Each structure stands twice: as C-alpha cells, then as structure tokens.
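Next come the chains, spelled out residue by residue.
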Amino acid sequence: MGELSDLAEIQNFLAESLKEQCPPLRVRKEGPGGLEVCGRKETIQGKQKVDGYYFASTVAKPKDIRFYFFPIYTDPELFQLSEGLQKMLKGKSCFHVKKLSEEQQAEIRKIIALGVNRYNEKELI
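A brief look at the structure comes next. In this convention, every chain numbers its residues from 1, walking through the sequence in written order. Local features in a predicted model are, by the rule used here, given only for residues with pLDDT of at least 70; side-chain atom pairs are given and counted only at 80 or more, and totals for whole chains, interfaces and linings are based on all residues. With hydrogens and water set aside, each side-chain value is computed from the structure's full complement of heavy atoms.

1. Describing the sheet that holds strand E5 (residues 54-60)
Phase 1 of the analysis: If you trace the six strands from one edge of the open sheet to the other, you get E1-E2-E5-E6-E8-E7, paired in antiparallel fashion. Two strands bound the open sheet, and with one partner strand each, they are strand E1 (26-31) and strand E7 (89-90).
Phase 2 of the analysis: Two strands form a pair only when DSSP identifies at least two bridges running between them. Secondary structure is summarised from DSSP: a helix means a run of H or I of at least four residues, a strand means a run of E of at least two, and numbering begins at the N terminus for each. Relative to strand E8 (residues 94-97), strand E6 (residues 65-69) runs antiparallel, the two being bridged by four bridges. Residue pairing across strands places Arg 66 opposite His 96, the latter belonging to E8.
Phase 3 of the analysis: Along the sheet, helix H1 (residues 7-19) makes contact with E1, strand E2 (34-38), E5, E6 and E8, crossing E5 at roughly 165°. Between two residues, a contact is recorded if the distance between any of their heavy atoms is within 4.5 Å. Orientation is described by axes fitted as lines to C-alpha atoms, over the contacting stretch for helices, and by angles from 0 to 180 degrees between their N-to-C directions.

2. Some points on unusual backbone geometry
Phase 1 of the analysis: Geometrically, the link from Cys 22 to Pro 23 is a cis peptide bond, its omega value of -20° lying close to zero.
Phase 2 of the analysis: Considering the arrangement of structural elements, one finds Pro 23 in the loop between H1 and E1.
Phase 3 of the analysis: Residue Pro 24 follows Pro 23 across a cis peptide bond; omega there is 15°.
Phase 4 of the analysis: Tracing the backbone shows Pro 24 in the loop between H1 and E1.

3. Some details on the pairing of E5
Phase 1 of the analysis: Each residue is assigned to one of three classes by its accessible area relative to the maximum for its type, calculated with a 1.4 Å probe on protein chains only: buried under 20%, partly exposed between the two thresholds, exposed over 50%. Across the seven residues of E5, five count as buried, placing the element largely inside the fold.
Phase 2 of the analysis: Looking at chain direction, E2 and E5 are connected through five bridges and run antiparallel. Residue pairing across strands places Leu 35 opposite Thr 58, the latter belonging to E5.
Phase 3 of the analysis: Here E5 folds back onto E6, and the loop between the two strands holds four residues.

4. A look at helix H4 (residues 102-121)
Phase 1 of the analysis: In a regular helix each residue adds 1.5 Å, so 20 residues correspond to 28 Å; H4 covers 29 Å between its end C-alpha atoms and thus fits that length.
Phase 2 of the analysis: Gln 104, Gln 105, Glu 107, Ile 108, Ile 111, Ile 112, Gly 115, Val 116 and Tyr 119 are the residues of H4 that are buried.
Phase 3 of the analysis: Packed against the buried residues of H4 are H1, E5, E6, helix H2 (71-74) and helix H3 (83-88). To estimate the expected span of a helix, subtract one from its residue number and multiply by 1.5 Å.

5. Regarding the pattern of salt bridges
Phase 1 of the analysis: Salt bridges are identified by distance alone: a Lys or Arg side-chain nitrogen within 4 Å of an Asp or Glu carboxyl oxygen. With the rule as written, the count across this model stands at 12 salt bridges.
Phase 2 of the analysis: Here Glu 121 ties to Arg 118 by a salt bridge, and the two come within 3.2 Å at their closest N and O atoms. Residue Glu 121 and its partner Arg 118 are both found in helix H4; the two are separated by three residues, about one turn of the helix.

Fair warning: the whole summary comes from geometry, so function is off the table for now.
Structure (structure tokens):
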C-alpha cells in the first residue's frame, strides 16, 4: 500500500473505501470532482425529501481532497481519532487530506465501517 501523497491516488483510495460499504450504502453522485454516498431509505433532510440519508463525500480541490464524513458529526463520541487524522479535521466533519500514511488509511477504513455500523443501528441506511 504505502503512503499516498498524490491527490488522485488519495481521491481513489477514499472513493474505494466508501464503495466497499455499498451496500448498505449506495453511490448518489460520482464524477471527476468527487463521490457522494448515502443510505437507501428515503428520508426528510431539512425540508426536503431525499433518496437516502447522507453519509459521506469526497471533493477534489487544487491543494487537497476534502473528505466529508457525516457520522463524526452525528455521533462524535464514537470516534477517537489519531493525532494525524485529528490535524486533518477542519470543523466538525470535514477532513482536508494532502497525504495519508498506511496507518491513516487503515484508520479511515475503520471509521467508515464504524459509521456504517452506527447508522445501521439507528436504522438510517
């Protein structure tokens, strides 16, 4: 595996890590700019009916890849991040990723799986 520092490789890693959880998640949007995954149950978000509860997304930016991970916003007590991932977290649920060590890659896969399990428990996906 090795450390990832190329933005395209980071984008691919994050997308594949999210797609590994499909199902129960599903891809809502995918393109060169990023990926969005959500649940499969129709729900109300805000005042709109949507085709699945938002889970996570990636967005390619010129200097980094943004990884928006909603379970860390809805259930912050569930996640104990390493110092490296904590430094990438800007705000409550957005990671600005410029490089990923092998350990951070494993940790991201772990938190995604943990988020899926929590959302299953809550019957959100």
